[in-house]
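Here's the letter readout for the chains.
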Amino acid sequence: MSGSSDAVEYLESLALFEEDIYLPRKNLVVPQAERSPKSLRVLNGAVEPLPESLSAFEKQICECTRCELGKTRTKFVFGDGSQHARIVFVGEAPGHDEDHTGIPFVGRAGQLLNEMLAEIGLDRKEVYICNTLKCRPPGNRDPLPSEKETCRPYLRTQLSLISPDIVVCLGKHAANELLGTDEPMKDLRGRVIPWEGMQLLVTYHPAYFLRNMTQKVHGDADFKLLRKLYDQLP
Ligand code: SF4
């Protein structure tokens, strides 16, 4: 090969390399129709056949009273965001503000979550946010095992309909619920865990950082890992 063709090859490879570097920011929201049908995952425990959309599913279950929490809630809290989001955040259960508005993560913890998303260049509208339970346990007590079991198919169906690439568990309860493990947070966070054909990350609930701001450094590291994973998505 001549010196000039070597130079041309080198310049072409540089151009390719630069294209990789300067790729425009990819869309977090990929229309379901543009995804391979194989990427739609029907998760074990989901309601089958799947409803036609998230909004259809919300209408179907919004008056649920299958467990006692249905009798004490103010509002049913389904979830917030796009059905086509590539990242889904899962918290534990609605708190006081969520119970009154019907929207997840709207109080101080929700504000902090929005800020942490902004710090890694993501907008809340581009992701989907929900909880393992759709109704508030009175006084923010821990959900009972029977309540978690009764509500479980609803979250599974949401995840099946959205079919995200990445699931982020916010707090121990969400991690334990999805992974079926009692491992402590310190052993779960900071790792990419393959789960049901997706990549799962575990980090602390933002409410924990509000009580222990010195610990937010761990959340920042977890969100940086999330951004890295997102940037590596095809
Ligand atoms: S917590 Fe879940 S199962 Fe219980 S009433 Fe609410 S939606 Fe139904």
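All values reported here derive from a predicted model rather than from experimental measurement. (Residues numbered from 1 in each chain as written. Predicted model: local features only at pLDDT ≥ 70, side-chain atom pairs only at ≥ 80, totals over all residues. Heavy atoms only, no water.)

Peer 1: Is there a simple way to think about the overall build of the protein chain in this case?
Peer 2: In terms of helices and strands, the protein chain carries 10 helices and 6 strands. Counting only contacts in the protein chain whose residues sit at least 6 apart along the sequence, the fraction spanning at least 24 positions is 75%. Carbon and sulfur atoms make up 53% of the accessible area of the protein chain, which amounts to about 12,200 Å² in all. (Helix = DSSP H or I, 4+ residues; strand = E, 2+ residues; numbered from the N terminus. Contact = heavy atoms within 4.5 Å. Areas by Shrake-Rupley, 256 points an atom, 1.4 Å probe, with all protein chains shown as cover.)

Peer 1: Which parts of the structure should I look at to understand unusual backbone geometry?
Peer 2: The phi torsion of most residues other than glycine is negative, and most of the peptide bonds are trans. The amide bond that connects Glu-48 to the next residue, Pro-49, takes the cis arrangement and shows omega of -5 degrees. Despite not being glycine, Asn-140 has its phi angle at roughly 60 degrees, a positive value. Inspection of the secondary structure assignment puts Asn-140 in the loop between strand E3 (128–131) and helix H6 (145–162). Exposure remark for Asn-140: the relative accessible area of 44% places this residue in the partly exposed category. (Buried < 20%, exposed > 50% of the residue type's maximum accessible area, 1.4 Å probe, protein only.)

Peer 1: Help me understand the nonpolar core in this model?
Peer 2: Nonpolar side chains in soluble globular proteins generally cluster together in the buried interior. Counting residues in hydrophobic clusters, the biggest one holds 57 residues, and the most contacted among them are Ile-87, Phe-89 and Leu-178. The biggest single contributor to this core is H6, with 6 residues. Leaving out residues up to four positions away in the same chain, Phe-89 has contacts with Leu-113, Leu-117, Val-127, Tyr-128, Ile-129, Cys-130, Val-168, Leu-170, Phe-223 and Leu-226. (Core = buried A, V, L, I, M, F, W, Y, C linked by side-chain atoms within 4.5 Å.)

Peer 1: Would you mind showing me how to read the confidence of the model for the protein chain here?
Peer 2: Caution is warranted with low-pLDDT regions, since their predicted coordinates should not be read in detail. Here the protein chain shows a mean pLDDT of 86. Residues at 70 or above account for 83%. In this model, residues 1–33 is a region of pLDDT below 50 whose contacts with residues beyond four sequence positions or in other chains number 34 contacts. (pLDDT = per-residue confidence, 0-100.)

Peer 1: I'm lost on the sheet that holds strand E4 (residues 166–170) in this one. Help?
Peer 2: Backbone hydrogen bonds are what pair the strands of a sheet, in a parallel or an antiparallel way. One open sheet accounts for 6 strands, arranged E1-E3-E2-E4-E6-E5; its pairing is mixed. Of all strands in the sheet, those with a lone pairing partner are strand E1 (80–81) and strand E5 (193–195), marking the two edges. Sheet strands in contact with helix H7 (residues 172–179) are strand E2 (87–91), E4, E5 and strand E6 (198–203), and its direction is about 130 degrees off that of E4. (Pairing = 2+ DSSP bridges. Axes fitted to C-alpha atoms, helices over the stretch in contact; angles between N-to-C directions.)

Peer 1: In this structure, what is going on with the side chain of Arg-156? I would like to understand it.
Peer 2: The residue Arg-156 is located in helix H6 in this model. Residue classification places Arg-156 among the buried positions, given a relative accessible area of 8%. At a separation of 3.2 Å, a polar atom in the side chain of Arg-156 contacts the side chain of Glu-196. In this structure Arg-156 touches Leu-43, Asn-44, Gly-45, Ala-46, Glu-177, Leu-178, Trp-195 and Glu-196, once residues within four positions along its chain are discounted. (Polar contact = N/O pair within 3.5 Å; in protein donor to acceptor, adjacent residues only side chain to side chain.)

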